[in-house]
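Structure at a glance
These are the residues of each chain, in order.
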Amino acid sequence: NAGVTQTPKFQVLKTGQSMTLQCAQDMNHEYMSWYRQDPGMGLRLIHYSVGAGITDQGEVPNGYNVSRSTTEDFPLRLLSAAPSQTSVYFCASSYLDRGEQFFGPGTRLTVL
Amino acid sequence: DAKTTQPTSMDCAEGRAANLPCNHSTISGNEYVYWYRQIHSQGPQYIIHGLKNNETNEMASLIITEDRKSSTLILPHATLRDTAVYYCIVRATNFGNEKLTFGTGTRLTIIP
């Protein structure tokens with residue numbers, strides 16, 4: 001199994017640009033989520049999904065959209081990038097009936 | 001979820017047991033204690049979790065006090081690869097869709 005994969009690894013955007021961060025998992029996990037991590041801070045939940053077609057907001061959802069059309073994929077869209085969205089983004093997945101979450105390697109995003 | 005308190009940083013000699021404390025004095029009777037670690041900019045990695053009893057797996061042991069107000073993660077024979085930030089997290093359920101609330105964790109440095 002590849003586990004949780006994320007692309008791209010690095011990305012630089014200009015203010016106002018849009019882009020999609022990709023996340024995929026091959027473990028047939030029902031639950032997927034996106035976190036962001038700012039320097040020196042813990043991870044904060046952006047959006048999550050408990051299955052295909054179902055998404056919900058976490059604690060910092062503003063400026064981001066998600067969709068879950070398949071079990072495997074959970075893309076995160078930045079609608080109009082702002083410097084405040086400069087961060088490292090992590091995708092995670094898990095089975096609904098088990099507490100262990102598996103994290104991807106992260107996408108390091110810089111917005112100029 | 002109950003708040004956790006961890007030391008900001010700790011050192012441990014290579015080959016020795018690393019004991020990482022966590023205080024969660026407001027934990028409720030049905031809340032679980034989870035431990036994750038993050039090795040230099042990688043995605044967090046699940047280590048272990050428990051409710052009341054002590055737990056052990058191939059990575060670590062988790063000792064929870066009888067009153068459940070604190071716990072200790074034990075890495076029995078620390079190696080240089082164990083240098084990481086360790087997060088103690090209290091969660092309301094043992095289900096995958098329960099969000100993880102990351103604090104700032106303990107930065108553990110293994111000294112050669």
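Below is a short write-up of the structure. It should be emphasised that the depicted structure is a prediction, and the values quoted were computed from it without experimental measurement.

Within this structure, the stated rule accounts for two disulfides over all chains. Two residues, C23 of chain A and C91 of chain A, share a disulfide whose sulfurs are 1.8 Å apart. The chirality of the disulfide connecting C23 of chain A with C91 of chain A is left-handed, given an S-S dihedral of about -70°. With a gap of 68 residues between them, C23 of chain A in strand β3 (residues 19–25) and C91 of chain A in strand β9 (residues 87–94) connect regions that are remote in the sequence. Owing to a relative accessible area of 1%, C23 of chain A belongs among the buried residues under this scheme. Here C22 of chain B connects covalently by a disulfide to C88 of chain B, the sulfurs 2.1 Å from one another.

Turning to unusual backbone geometry, a few remarks are in order. A cis amide bond links T7 of chain A to the next residue, P8 of chain A, at an omega of -5°. For P8 of chain A, the location among the structural elements is in the loop between β1 (4–7) and β2 (10–13). For N28 of chain A, which is not glycine, the phi torsion reads 60° and is therefore positive. For R68 of chain B, which is not glycine, the phi torsion reads 65° and is therefore positive. Following the sequence through the fold, R68 of chain B ends up in the loop between β6 (61–64) and β7 (70–75). By relative accessible area, R68 of chain B is classed as buried at 7%.

Residue and element names in this part refer to chain A. Read from one edge of the open sheet, four strands run β1-β3-β8-β7, paired in antiparallel fashion. Each edge of the open sheet carries a strand with a single partner, namely β1 and β7 (64–66). Pairs of neighbouring strands in the sheet enclose a mean axial angle of 20°, with direction left out of account. Here four bridges tie β1 to β3, and the two strands are oriented antiparallel to one another. Bridge pairing in β3 places T7 opposite Q22.

Quick look at the pattern of salt bridges now. All names here are of chain A. Applying the stated criterion across every chain, the model contains three salt bridges over all chains. A salt bridge links R36 to D38, with the shortest nitrogen-to-oxygen separation between them at 2.8 Å. Classification of R36 by relative accessible area gives buried; the value is 8%. Residue D38 is classed as buried on the basis of its relative accessible area, which comes to 11%.

This part is about the pairing of strand β3 (residues 32–38) of chain B. Residues and elements named next belong to chain B. With seven of seven residues buried, β3 is to be regarded as a mostly interior element. Here β3 shows two buried faces, one formed by Y32, Y34, Y36 and Q38 and the other by V33, W35 and R37. Relative to strand β8 (residues 84–91), β3 runs antiparallel, the two sharing seven bridges. Looking across to β8, one finds that Q38 is bridged to V85.

Reading guide: rules and limits
Residues numbered from 1 in each chain as written. Chains lettered and ligands numbered in written order. Predicted model: local features only at pLDDT ≥ 70, side-chain atom pairs only at ≥ 80, totals over all residues. Heavy atoms only, no water. Disulfide = S-S within 2.5 Å. Helix = DSSP H or I, 4+ residues; strand = E, 2+ residues; numbered from the N terminus. Buried < 20%, exposed > 50% of the residue type's maximum accessible area, 1.4 Å probe, protein only. Pairing = 2+ DSSP bridges. Axes fitted to C-alpha atoms, helices over the stretch in contact; angles between N-to-C directions. Salt bridge = Lys/Arg side-chain N within 4 Å of Asp/Glu carboxyl O.

Note that every value here comes from positions in space, so none of it alone points to a role or purpose.
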